Amino acid sequence: MTKNVAEVLEALKNMTTEERLEVIEIASKLIREEIAAKPQVTLQKELSLAEAAEVMRSFYELSRWVRKFITMSLRMERSRLRLVEKRNEASTRVLRFLHFVT
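Quick look at the structure, then. Keep in mind the model is a prediction, meaning the values are calculated, not measured. (Residues numbered from 1 in each chain as written. Predicted model: local features only at pLDDT ≥ 70, side-chain atom pairs only at ≥ 80, totals over all residues. Heavy atoms only, no water.)

**Quick notes on the overall build of the protein chain**
(1) Moving on: Scanning the protein chain from terminus to terminus reveals 3 helices and 0 strands.
(2) Moving on: The linear arrangement of helices and strands in the protein chain, starting from the amino end, is α-α-α.
(3) Moving on: Computed over C-alpha atoms, the radius of gyration of the protein chain comes to 37 Å, more than 25% over the 13 Å expected from 2.2 N^0.38 for 102 residues, which places it beyond the range of a compact globule.
(4) Moving on: Dimensions of the protein chain, computed from C-alpha atoms along their principal axes, come out at roughly 110 × 40 × 25 Å.
(5) Moving on: Across the 102 residues of the protein chain, 0% fall into the buried class.
(6) Moving on: Total accessible area computed for the protein chain in this model is approximately 10200 Å², and 63% of it derives from carbon and sulfur atoms.
(7) Moving on: Charged side chains of the protein chain number 19 positive and 15 negative; the gap between the two group centres comes to 23 Å. (Helix = DSSP H or I, 4+ residues; strand = E, 2+ residues; numbered from the N terminus. Rg over C-alpha atoms; globule rule 2.2 N^0.38 Å. Buried < 20%, exposed > 50% of the residue type's maximum accessible area, 1.4 Å probe, protein only. Areas by Shrake-Rupley, 256 points an atom, 1.4 Å probe, with all protein chains shown as cover. Lys, Arg positive; Asp, Glu negative; His and termini not counted. Charge placed at Lys NZ, Arg CZ, Asp CG, Glu CD.)

In structure tokens:
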């Protein structure tokens, strides 16, 4: 508790109930005014966040080279998977043949 808060609390103890209610009413009015002014601060904050996002965009966008590399890697992986499938099919045929012969 700060010194100012302690002083206010001490002053409240020496007031009548009506005076305390008046202080509460004035304090509430000040808080409402501050809250009403706050959306402008929030809007400024959002704008600065938008600007920051724009600045950082280049770090998250894929460069042309990276896109080509990923595309090439995906194509190679698909080709590898097709070869594995063909090998598995050939193995299955050989096993069926061997089973049929024996």
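**Observations concerning a nonpolar patch on the surface**
(1) Moving on: Residues Leu62, Trp65, Phe69, Ile70, Met72, Leu74 and Met76 make up a contiguous nonpolar surface patch of about 760 Å² in total accessible area.
(2) Moving on: Its location among the elements puts Met72 in helix H3 (residues 64-101).
(3) Moving on: Using a relative accessible area of 44% as the deciding quantity, one classes Met72 as partly exposed. (Patch = residues over 30% accessible without salt bridge, like charges linked within 9 Å, V, L, I, M, F, W, Y side chains within 5 Å. Salt bridge = Lys/Arg side-chain N within 4 Å of Asp/Glu carboxyl O.)

**Focus: the pattern of salt bridges**
(1) Moving on: Scanning the model with the defined rule gives 3 salt bridges in all.
(2) Moving on: When the shortest N-O distance is used, the salt bridge between Glu77 and Arg80 registers 2.7 Å. Placement of both Glu77 and Arg80 in helix H3 is noted, with a separation of 3 residues, approximately one turn of the helix.

**A few points about a positive patch on the surface**
(1) Moving on: A contiguous patch of positive charge on the surface is contributed by Arg75, Arg78, Arg82 and Lys86.
(2) Moving on: Here Lys86 lies in helix H3.
(3) Moving on: Owing to a relative accessible area of 57%, Lys86 belongs among the exposed residues under this scheme.

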